[in-house]
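Remarks on the overall topology
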Amino acid sequence: MSSTANSTGTEVLSCAGLGVHYAGSVALQSMDLTLRRGRMVGVLGANGAGKSSLVNALANWSRGDATVSGRVRLDGRDISALAPHLRAKAGLLLVPEGRNVFGTLTVEDNLGLVVPPKDRDGRFVLSLAAAYELFPRLGERRRHKGMQLSGGERQMLAIACALMAGPKALLLDEPSIGLAPMLVVDMLERIRTLVDAGLSVLLVEQNAQAALKVVDEVIVLERGVKTLEGSAAEFRDDQRIAQAYLGASEGAAK
Ligand SMILES: Nc1ncnc2c1ncn2[C@@H]1O[C@H](COP(=O)(O)OP(=O)(O)O)[C@@H](O)[C@H]1O
Ligand SMILES: [Mg+2]
């Protein structure tokens, strides 16, 4: 793995007043957030809280008939007007909920399709060899087609593809879905090792207990509104918060 992502702690991705509406119903309202280099921010919230609407709007990949408002900045540049593929090219990479891999292509062909960035400045770039090192299971299954993989293996493949494309910021929408409970923390910890090496990640997770083990900061969404934010340590230590927000998934990550 190689990273030219230096100056840990500087802002890499932010949004201000981000809103998402679907034909009259509001999915996300006046959302502000900042992701710093080499950090992982967790977006927590119940089903329907607006988590996917948030990351999709950041990447400009909104589903259906969404109206998006507000500003998005990547690495000091306002990208609010950029089309989805240009945001990806600029280093804002989304692994969407339900993951996207080519079912009729093998693992190695899926990885082979990724075009590494020409300009590595400020990016975290994973080599093919490092991708197989990160997820050895992909190496074992390199000649299997996407559709023959388990949900967890497809998730690993989608994440590996995004990392090889050289993210400045990586948006992960529920990467633990489809994984056996035992593997959830393992997956999140592997991602954490990359964050410690300079990657910047916005992690959407319904499994709050698992997310709290790896993130630096937490944002809680309720019905499209940010109701709480703070350091992961505060969330781990505050029983009141733990009960109010995390009680429902207690035990899920154990
Ligand atoms: N394409 C869509 N069309 C209409 N409403 C949608 C669409 N996608 C999401 N919504 C609604 O927006 C709200 C937030 O959804 P979502 O962002 O998917 O939440 P989460 O990811 O937290 O489960 C929900 O009420 C959902 O029903
Ligand atoms: Mg979602």
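Right above here is the structure, for reference.
To start, this report covers the structure provided alongside it.

Counting secondary structure elements, the protein chain contains 10 helices and 12 strands. Its C-alpha atoms give the protein chain a radius of gyration of 17 Å, near enough to 18 Å, the size a compact globule of 254 residues would have. In terms of principal-axis extent, the alpha carbons of the protein chain reach across some 45 × 40 × 40 Å. For the protein chain, the residues scored as buried account for 52% of the 254 residues in total.

This brings us to the nonpolar core. Ranked by size, the top nonpolar core spans 50 residues in total, and within it Leu163, Leu170, Val201 and Leu203 carry the most contacts. The leading source of residues in this core is helix H6 (residues 151–164), at 9 residues.

Moving on: the coordination of the magnesium ion (ligand 2). Metal coordination angles in their ideal form are 109.5 degrees for the four-donor tetrahedron and 90 or 180 degrees for the six-donor octahedron. Listed as protein donors to the magnesium ion (ligand 2) are Ser52 (OG) and Glu97 (OE); their distances from the metal cover 2.1 to 2.4 Å. Here serine 52, found in helix H1 (residues 51–59), pairs with glutamate 97, found in the loop between strand E7 (92–95) and helix H3 (107–112); they are 45 residues apart in sequence, far enough to count as distant. The class of serine 52 is buried, set by a relative accessible area of 10%.

This part takes up the pattern of salt bridges. Taken as a whole and assessed by the stated rule, the structure comprises 11 salt bridges. Across the salt bridge formed by arginine 143 and glutamate 108, the nearest N and O atoms sit 2.6 Å from each other. Within this pair, whereas arginine 143 is found in the loop between helix H5 (136–140) and H6, its partner glutamate 108 is found in helix H3, the two being separated by 35 residues in sequence. Glutamate 108 sits in the partly exposed class, given a relative accessible area of 29%. Salt-bridge contacts for glutamate 153 lead to arginine 141; the nearest nitrogen and oxygen are separated by 2.7 Å. Of the two residues, glutamate 153 is situated in helix H6 and arginine 141 in the loop between H5 and H6; the sequence distance between them amounts to 12 residues. The pair formed by glutamate 153 and arginine 141 is uniform in burial state, with each residue classed as buried. What you see here is one network of salt bridges that share partners, running through Arg137, Glu140, Arg141 and Glu153.

The environment of ligand 1 is made up of Tyr22, Ala27, Ala46, Asn47, Gly48, Ala49, Gly50, Lys51, Ser52, Ser53, Arg63 and Gly64. For ligand 1, an oxygen atom lies 2.6 Å from a polar atom in the side chain of serine 53. When the free accessible area of ligand 1 is taken as 560 Å², the share hidden by the protein chains comes to 66%. Among the elements that make up the shell around ligand 1, the one with the highest residue count is H1 (3 residues). Looking at side-chain class alone, the shell around ligand 1 contains 4 nonpolar, 6 polar and 2 charged residues.

Pairing between the strands of a sheet is mediated by backbone hydrogen bonds and can be parallel or antiparallel. The mixed open sheet is built from 6 strands, whose spatial order is E7-E9-E10-E4-E11-E12. A strand with exactly one partner marks an edge of an open sheet, and here the two such strands are E7 and strand E12 (225–231). Going from strand to strand, the sheet's axes swing by 15° on average, the running direction of each strand aside. Pairing geometry for strand E4 (residues 40–44) and strand E11 (residues 217–222), over 4 bridges, is parallel. Bridge assignment links glycine 42 to a residue of E11, and that residue is valine 218. Relative to E7, H6 is tilted by about 175°, and along the sheet it contacts E7 and strand E9 (169–173). The strands that helix H7 (residues 181–196) touches are E4, E9 and strand E10 (201–205); relative to E10, the one it contacts most, it runs at about 165°.

So, on to the packing of H6 against H7. Between H6 and H7, the least distance of the axes is 12 Å, while the angle of their chain directions is 10°. In terms of orientation, H6 lies roughly parallel with respect to H7. Residues Gln155, Met156, Ile159 and Leu163 of H6 form the contact with H7, whose participating residues are Met187, Ile191 and Leu194. When the residues that make up the contact of H6 with H7 are grouped by side-chain class, the tally is 6 nonpolar, 1 polar and no charged.

About the cut-offs
Residues numbered from 1 in each chain as written. Chains lettered and ligands numbered in written order. Predicted model: local features only at pLDDT ≥ 70, side-chain atom pairs only at ≥ 80, totals over all residues. Heavy atoms only, no water. Helix = DSSP H or I, 4+ residues; strand = E, 2+ residues; numbered from the N terminus. Rg over C-alpha atoms; globule rule 2.2 N^0.38 Å. Buried < 20%, exposed > 50% of the residue type's maximum accessible area, 1.4 Å probe, protein only. Core = buried A, V, L, I, M, F, W, Y, C linked by side-chain atoms within 4.5 Å. Donors = N, O, S within 2.8 Å, 3.2 Å for Na, K, Ca; no water. Salt bridge = Lys/Arg side-chain N within 4 Å of Asp/Glu carboxyl O. Near = heavy atom within 4 Å. Polar contact = N/O pair within 3.5 Å; in protein donor to acceptor, adjacent residues only side chain to side chain. Areas by Shrake-Rupley, 256 points an atom, 1.4 Å probe, with all protein chains shown as cover. Nonpolar A, V, L, I, M, F, W, Y, C, P; charged D, E, K, R; others polar. Pairing = 2+ DSSP bridges. Axes fitted to C-alpha atoms, helices over the stretch in contact; angles between N-to-C directions. Contact = heavy atoms within 4.5 Å. Parallel < 35°, antiparallel > 145°, perpendicular 65-115°, else oblique.

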